[in-house]
Number of protein chains: 4
Amino acid sequence: MMIKIGVIGYGYWGPNLVRNFNESGLAVVRMVSDLRAERLSQAALRYPAIRPTERYQDLLEDSSLDAVAIATPVSSHYELALAALQSGKHVLVEKPFTATVEQGARLIEEAERRKLTLMVDHTFLFTPAVRKIKDLVATGELGQLYYYDSVRVNLGLFQHDVNVLWDLAVHDLSIMDFILGAQPQAVSATGVAHVDDQPEDVAYLTCYFADNIIAHFHVNWLAPVKIRRTLIGGSQKMVVYDDLEPSEKVKVYDKGITVTEPDGVYKMMVGYRTGDMWAPQLAMTEALKAEAQHFIECIHAGAKPLTDGQAGLNVVRILEAATASMRNRGQPVELG
Amino acid sequence: MMIKIGVIGYGYWGPNLVRNFNESGLAVVRMVSDLRAERLSQAALRYPAIRPTERYQDLLEDSSLDAVAIATPVSSHYELALAALQSGKHVLVEKPFTATVEQGARLIEEAERRKLTLMVDHTFLFTPAVRKIKDLVATGELGQLYYYDSVRVNLGLFQHDVNVLWDLAVHDLSIMDFILGAQPQAVSATGVAHVDDQPEDVAYLTCYFADNIIAHFHVNWLAPVKIRRTLIGGSQKMVVYDDLEPSEKVKVYDKGITVTEPDGVYKMMVGYRTGDMWAPQLAMTEALKAEAQHFIECIHAGAKPLTDGQAGLNVVRILEAATASMRNRGQPVELG
Amino acid sequence: MMIKIGVIGYGYWGPNLVRNFNESGLAVVRMVSDLRAERLSQAALRYPAIRPTERYQDLLEDSSLDAVAIATPVSSHYELALAALQSGKHVLVEKPFTATVEQGARLIEEAERRKLTLMVDHTFLFTPAVRKIKDLVATGELGQLYYYDSVRVNLGLFQHDVNVLWDLAVHDLSIMDFILGAQPQAVSATGVAHVDDQPEDVAYLTCYFADNIIAHFHVNWLAPVKIRRTLIGGSQKMVVYDDLEPSEKVKVYDKGITVTEPDGVYKMMVGYRTGDMWAPQLAMTEALKAEAQHFIECIHAGAKPLTDGQAGLNVVRILEAATASMRNRGQPVELG
Amino acid sequence: MMIKIGVIGYGYWGPNLVRNFNESGLAVVRMVSDLRAERLSQAALRYPAIRPTERYQDLLEDSSLDAVAIATPVSSHYELALAALQSGKHVLVEKPFTATVEQGARLIEEAERRKLTLMVDHTFLFTPAVRKIKDLVATGELGQLYYYDSVRVNLGLFQHDVNVLWDLAVHDLSIMDFILGAQPQAVSATGVAHVDDQPEDVAYLTCYFADNIIAHFHVNWLAPVKIRRTLIGGSQKMVVYDDLEPSEKVKVYDKGITVTEPDGVYKMMVGYRTGDMWAPQLAMTEALKAEAQHFIECIHAGAKPLTDGQAGLNVVRILEAATASMRNRGQPVELG
């Protein structure tokens, strides 16, 4: 049975959602809403069978639609997703999930009560690279985890409504949440805005976890070069994940430290060891295609999505705390 | 007139100092002291004309020596430099300058009172790459400065006595101090130790300056790959300084943002522009050679070195505050 | 007035031609022919307004069509293009232009006699990178040209009907022909086949020009990594063109040699000099879009295309001679 | 028993030989000869115990010397090595071995008759990277060999007496000879000279082997960038050897082609497969140190060196044929 979907928001990401749902063979997009007439004509031109509308309410009122995908600015996520759930639709919502922790918790509650599928579009979790890293960590191949360090910078378009953490770090936080499978105890963030009346464009975020695991994120809209690189250090092996590499995105280094306690000597000796490097082959699957399929399968099975509301909420909780910390020049914020 | 020099400490860096002073044609190393007999034999083998000794006091008591270079662990810098100044010697001291701000201030005072040259070995300030970047900033070619971001990581030997900030960030802080020519208002640092009874091996440091300039430093002894990269963003141009590049270490990007205020619209529009990239040719001079020469010239002329005690103190002040902040998970520390 | 176009061959490249003609705003694709039914259904699905047919003759017999684009294997180019010209259509033909020099000359003659536009799809000549290099050479910025060296290798699909020179070197020969604007005096090629009954999969080609200019091409279907790099050396400056670089595809090095004749010394001294490196900003225009537009403009104006039949023939002449040389292990072949 | 050595030629490479022999603990350099007084003073300054002389005959006449290392231009190798052998010295001679095949054969004969060690300084064969590649080929891990492709280019000093093949390709030919362990059947070379009265500065060389194995070499003194890269393709795996990589010099790609013969179909289908990439850890040993030690061990044991006269001769034979081919624009030259 084909799932019938409506898409709210046909800006940058909406067209990708429409294409992937339509090409999945499991769903069909029936309606698209956007406030901008020229975006609707664009959709109509490419997909004559889709009904365009400026009123998102039209989607919610159409009882033939099973699900709604929301690809609008974050400030509208809560209102739109809540209304969609209340009209009985399954919901896929763009990241960041919501603008506040409170909103996210409320949406989760609504979906659970109505037994509807609520999924957050954390696309990176459906890439072969991130899946491979998750496997390496989960099977213990890296040993005990030491740190997670990511850099995501380039000369980017300023978002008026959110700072650079909400725009860029959201990707890396979703990946970290998946790979570490743990919540940070505290965060500290720093950053500044260089344009008057605009949000912070450069930011740094540290997350403290149990067992001395530390995670750090560098995001920047003002960088002259594009960098998408994550280092993950463990006691046995270390990973470099470079998303800009065309083929070898994940490299596993058999490197680490050795701690020895020489006889009769008080101080420990810390040395290091180096071994082979290995770049596992990665599948060529498109992430968004896999994600669209997962959403539909969860709807059919009534199963909890990999990137459910809770995953979205985990990320929003860190972003909210980080923004508060950043306004106080790194003042740490404890998380429950 | 040849300057006669004694070198205290013949470990990793001492031999480089001896070689560069001897090859300068302006100075001659007469004595070397070290507590380890095998290091002294090494020095004697290579330089039959140098007198080796286990007592550094021998150098201070030799009235024929004009100057002393100190290449020992930081914990001994203060005591050794003070004694050297008090015995009338000019002093070149390894970085970090001292273990505390108080010690550094005391050494500056002593050198000034005795009109002796006191120089700190901030070698990078004598590299053609850093000089070129200083020029680009000083002449305003980058426009208004936005940020300074550096990464210095690799699988490195643990230092037992200092954390990774004092071992690695000291290089970048000395470069930043030179290029920005300003003192930070506050710092926030995070980091953790992964080996029991050992200092922090991964650390992140943010410095806040006036005019929304922000500087950030990532240092790590546990990284699988070696990275030595600094990004410097300005309103007109941006620099990437990669010290591992064999030839094009400094790249200047004609990139930036454009801020426009459309008629009758409240919100500003922020766009970006991209232009050519340019890698200036750099001289091939060896930094330590230029530094040795500068020390000798300052002694002759009674001039203040580029990397004087004050430059050393600026860096120690940040390191001291950063370590305090790091112990409190990023709690910001205001600097006078 | 919109140009009406038919496309023969809807395999790998045909869909790109259809899309670009349709999006040009200057032309409309009316018919598509292919021998494979599934390719025709694909075309029909995406473009309901296009008439699909298995008979290319249908396109030639439709008097409403102004032009035909031929995107079939090279062995059929001559027959299809000749028939198209004879039915009065303007023709854009995929590269390599024809399978032999004789065929190419015959097509040029036919097009000239009928005053029809005949263009060869040398797409790279419409990229900003190649245009920029052409400018650098034409304005004399590189000085006297010394050599042209290109490498185009990767793990690629074997073509059953042509060897790797005809499949890959054709790109680089078209670029070289454009940039040098001269014909080689002789060629020598080497290469082997590693699979029985299959064409050569690794090949090397040298072209000798007047004034000691030499050009060399390395093409390989069996390489573990993808390389697309061209070096162009001149007496004043040198260029590195790396088509895989996302942004700085063209780098200009102010490097060269200096020849001095010391007084009273018979032998000349050859030294080298190095200066800045410079990566000019390149426009973001899509090559095939510019090419489609150029074809249409040439039809309207009756102008000779940049990549006319003669340009196509220049490349075929080299490929034909190179294949002969390769069968004789590098035996040079003189070109008129 | 320490081997006593004299070194003829103290230019660029001679000092490296002196240092490595002296530091081996197995030999001591007693004399150094050079025609240039300033080079001799340089040697005397650094090694007071070494006797400097302008007459190489002094070394040959000193009966206390066991061996002689020859680091002079290739044109003098034959005369010097022959005289050294005739005076009963073991000989290590710089590469290229000799200026002609005839000279090389004569030296081998002389050494065999006198039962003296004759070794050619093919340093790369003592690097961990080349050893690792040899292992991969010898154990069959790459499968059946397809091709060997090397590039060695940079802006280099012109050699007045030899062309760029003799200066640069000599390195790669010695590596290829070691790894393939076979002699080419024929060679074809192309290249030109761009400076009057100077040798060829850009050259390309193809070697044909049995079983469709092909090897190609690109050498260039006029390149704007430095490249040192070799691709080796096999039916099972492929290697990229990049000598400029600081750590991962050798990468092994589990990539190749698959040849299938579909039922009832005449033509074979050639597809490709891709798997993991793997960079084996390499030892950190210095090549010249290992080579010096090997020379001394061969003298003691009367054993044939890995890089004996025959290895040197194999390379000279190819260089001689290649130069002849290059003078005839690629005309192939058959090798016995």
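An account of the accompanying structure is given in this report. Just so it is clear, the model here is predicted, and its values are computed rather than measured.

## So, the sheet that holds strand β6 (residues 118-120) of chain A
Residue and element names in this part refer to chain A.
Reasoning step 1: Taken in spatial order, the six strands line up as β3-β2-β1-β4-β5-β6 in an open sheet, and their pairing is parallel. Edge positions in the open sheet fall to β3 (51-53) and β6, since each of these has one partner strand only. The average undirected angle you get between the axes of adjacent strands in this sheet is 20°.
Reasoning step 2: Bridge analysis of strand β2 (residues 27-33) against β3 gives three bridges, and the strand direction is parallel.

## Thoughts on the interface of chain D and chain A
Reasoning step 1: Listed by partner, the interface residues are 11 residues for chain D and 11 residues for chain A.
Reasoning step 2: Interface area lost by chain D to chain A is led by D276, M277 and Q281 of chain D, which between them contribute 50%.
Reasoning step 3: At the junction of chain D and chain A, the tally comes to zero salt bridges.
Reasoning step 4: At the level of elements, β13 (250-260) and β14 (269-279) of chain D are the ones that each hand at least two residues to the side of chain D that touches chain A.

## Quick word on the relation of the copies chain B and chain A
Put simply, the second copy of the chain is the first one after a rotation about an axis and a shift along it.
Reasoning step 1: Here chain B sits on chain A after a turn of 180° about the axis and a move of 0.0 Å along it, with an RMSD of 0.1 Å. Within this description, the copies of the chain are treated as partners about a two-fold rotation axis. Closest approach to the rotation axis among the C-alpha atoms of chain B is made by Q331 of chain B, whose C-alpha sits 2.3 Å away.
Reasoning step 2: Interface residue correspondence from chain B to chain A reaches 100%, placing this contact among same-surface, isologous pairings.

## A short note on the arrangement of the chains
Reasoning step 1: No interface is formed between chain A and chain C, the nearest pair of C-alpha atoms being 9 Å apart.
Reasoning step 2: Nowhere do chain B and chain D come into contact; their C-alpha atoms are at least 9 Å apart.

## Describing the packing of helix α1 (residues 14-23) of chain B against helix α8 (residues 287-301) of chain B
Helices that pack against each other are described as a pair by the angle of their axes relative to one another and the distance between those axes.
All names here are of chain B.
Reasoning step 1: Their axes nearest at 9 Å, the elements α1 and α8 cross at an angle of 65°. With respect to their mutual orientation, α1 and α8 come out roughly perpendicular. The handedness of the crossing between α1 and α8 is right-handed. Side by side, α1 and α8 meet where N16, L17, N20 and F21 of the first sit next to L288, K289, A292, F295 and I296 of the second.
Reasoning step 2: When grouped by side-chain class, the residues that make up the contact of α1 with α8 number six nonpolar, two polar and one charged.

Reading guide: rules and limits
Chains are numbered independently. Their residues run from 1 in the order of the written sequence. For naming, the first written chain is A and the first written ligand is 1, with later ones following in the order written. In keeping with the model being predicted, local features are shown solely for residues with a pLDDT of at least 70 and side-chain atom pairs are shown and tallied solely at 80 or more, while totals for entire chains, interfaces and linings include all residues. Only heavy atoms go into the side-chain values, all of them from the structure, while hydrogens and water stay out. Whether two strands pair comes down to DSSP finding at least two bridges between them. Think of it this way: any DSSP run of H or I at least four residues long counts as a helix, any run of E at least two long counts as a strand, and we number them from the N terminus. Convention adopted: a line fitted to C-alpha atoms gives each axis, helices being fitted over their contacting stretch, and angles between N-to-C directions are expressed from 0 to 180 degrees. Contacts between residues were defined by any pair of non-hydrogen atoms, one from each residue, lying within 4.5 Å. Defined here as a combined quantity, buried area equals the accessible surface (1.4 Å probe) lost by two parts on assembly, summed across both. A side-chain nitrogen of Lys or Arg and a carboxyl oxygen of Asp or Glu constitute a salt bridge if their distance falls within 4 Å. Fitting of the copies onto one another was done by least squares over C-alpha atoms, counting residues only where both copies have pLDDT of at least 70. Here is the rule for angles: anything less than 35 degrees is roughly parallel, anything more than 145 is roughly antiparallel, 65 through 115 is roughly perpendicular, and the remaining ranges are oblique. Note: crossing handedness is left-handed where the near helix turns anticlockwise from the far helix by less than a right angle, and right-handed where it turns clockwise. Under the scheme applied, nonpolar residues are Ala, Val, Leu, Ile, Met, Phe, Trp, Tyr, Cys and Pro; charged residues are Asp, Glu, Lys and Arg; polar residues are all the others, including Gly.

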